[in-house]
Structure formats: structure tokens, C-alpha cells
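Take a look at the letters that make up each chain.
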Amino acid sequence: MSATAARTTKAARPVAASILLPDSPIRSRAWYQIYARLARPTLDWVGVVGAAWALFIGDWAGKPMDDGTRLIVLGFAAALHGIRSVEQMRGVA
């Protein structure tokens, strides 16, 4: 496969942020554009909030997590970070 064919094939794939959606008044709101446009930002914020709760907010509020739950939440946040890092190295994200 030549370099030109590879570029053409890659360019033919749509970018998730450029997929056209039907017009709706709710789609023009800022919160929709930030959180609902792609699943990635929402999952990132879930991971950030979960990690913050597991590390210090839950203890400070007097509602700490069990050790097993804390391990699962921090593992989820670490997996999201790892997947994003791999995507950035490959040039996908």
C-alpha cells in the first residue's frame, strides 16, 4: 500500500467531532457541547470525580470508601488515563 493510499484511507474516516447531528435547540447549549458530544469527556469527568472522592473528599466528608471499592475506582481512573495516553501516542486522540 502506498503512502498516498494510506493518507486517502485515513482521511476518508469521519472524525467523531465532525459528525453532523440533526438541529435541535438543546444541541446549541454549552453544556451539551462539552459533555454530551462525545463520551470521552464525560468518562474523564467521572474518573476525576471518583478519584477525588476515593482519595480525599470521602474521608474529609466522613464517608470513606471500602478498600476494595477504592481500588476499583482508582483502577478505572488509571485505565481511562492509560487508554488516553495510548491514543495520544498513536495520534488518534
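Residues numbered from 1 in each chain as written. Predicted model: local features only at pLDDT ≥ 70, side-chain atom pairs only at ≥ 80, totals over all residues. Heavy atoms only, no water.

**Q** Teacher, can you tell me more about the overall build of the protein chain here?
**A** Looking only at helices and strands, the protein chain has 4 helices and 0 strands in total. Secondary structure of the protein chain in N-to-C order comes out as α-α-α-α. Sorting the 93 residues of the protein chain into buried and exposed places 12% on the buried side. As displayed, the protein chain offers around 7400 Å² of accessible surface, 67% of which is attributable to carbon and sulfur atoms. (Helix = DSSP H or I, 4+ residues; strand = E, 2+ residues; numbered from the N terminus. Buried < 20%, exposed > 50% of the residue type's maximum accessible area, 1.4 Å probe, protein only. Areas by Shrake-Rupley, 256 points an atom, 1.4 Å probe, with all protein chains shown as cover.)

**Q** I'm lost on a nonpolar patch on the surface in this one. Help?
**A** Nonpolar side chains collect at one region of the surface, where Trp53, Leu55, Phe56, Ile57 and Trp60 lie side by side and expose about 590 Å² of accessible area between them. Within the secondary structure, Trp53 is located in helix H3 (residues 39–61). (Patch = residues over 30% accessible without salt bridge, like charges linked within 9 Å, V, L, I, M, F, W, Y side chains within 5 Å. Salt bridge = Lys/Arg side-chain N within 4 Å of Asp/Glu carboxyl O.)

**Q** Even after reading the chapter, I still don't get the environment of Ala52, so can you show me in this structure?
**A** As for its position among the elements, Ala52 is in helix H3. Ala52 sits in the buried class, given a relative accessible area of 17%. Note: C-alpha distance between Ala52 and Val73 (21 residues apart in sequence) is 9.8 Å.

**Q** Explanation requested: helix H4 (residues 67–90) in the structure shown.
**A** Residues lying three or four places apart along an α-helix face the same way, a consequence of the helix completing one turn every 3.6 residues. The terminal C-alpha atoms of H4, which comprises 24 residues, lie 34 Å apart, in line with the 34 Å expected from a rise of 1.5 Å per residue. Along H4, the residues classified as buried are Val73, Ala77 and Leu80. After H4 finishes, the residue Gly91 shows a positive phi value of roughly 80 degrees. (Expected span 1.5 Å × (residues − 1).)

**Q** Mind showing me how you'd approach the pattern of salt bridges here?
**A** Two side chains of opposite charge can pair, provided their charged atoms sit close to one another. Applying the stated criterion across every chain yields a total of 1 salt bridge. As a salt-bridge pair, Asp59 and Arg70 come within 3.4 Å of each other at their nearest N and O atoms. Taken together, the positions of Asp59 in helix H3 and Arg70 in helix H4 put the pair 11 residues apart, joining distant regions of the chain. You can call Asp59 partly exposed: its relative accessible area is 38%.

**Q** Looking at this model, I keep getting lost on the confidence of the model for the protein chain. Mind explaining?
**A** Fine structural detail should not be taken from predicted coordinates in areas where pLDDT scores are low. Residues of the protein chain with pLDDT of at least 70 account for 60%, and the chain-wide mean is 75. Across the protein chain, element-level confidence peaks in H4 with a mean pLDDT of 87 and bottoms out in helix H1 (residues 3–12) with 52. (pLDDT = per-residue confidence, 0-100.)

**Q** Teacher, can you tell me more about the environment of Phe76 here?
**A** Take Phe76: it is sitting in helix H4. As a C-alpha pair, Phe76 and Val48 span 28 residues in sequence and 10.0 Å in three-dimensional space.

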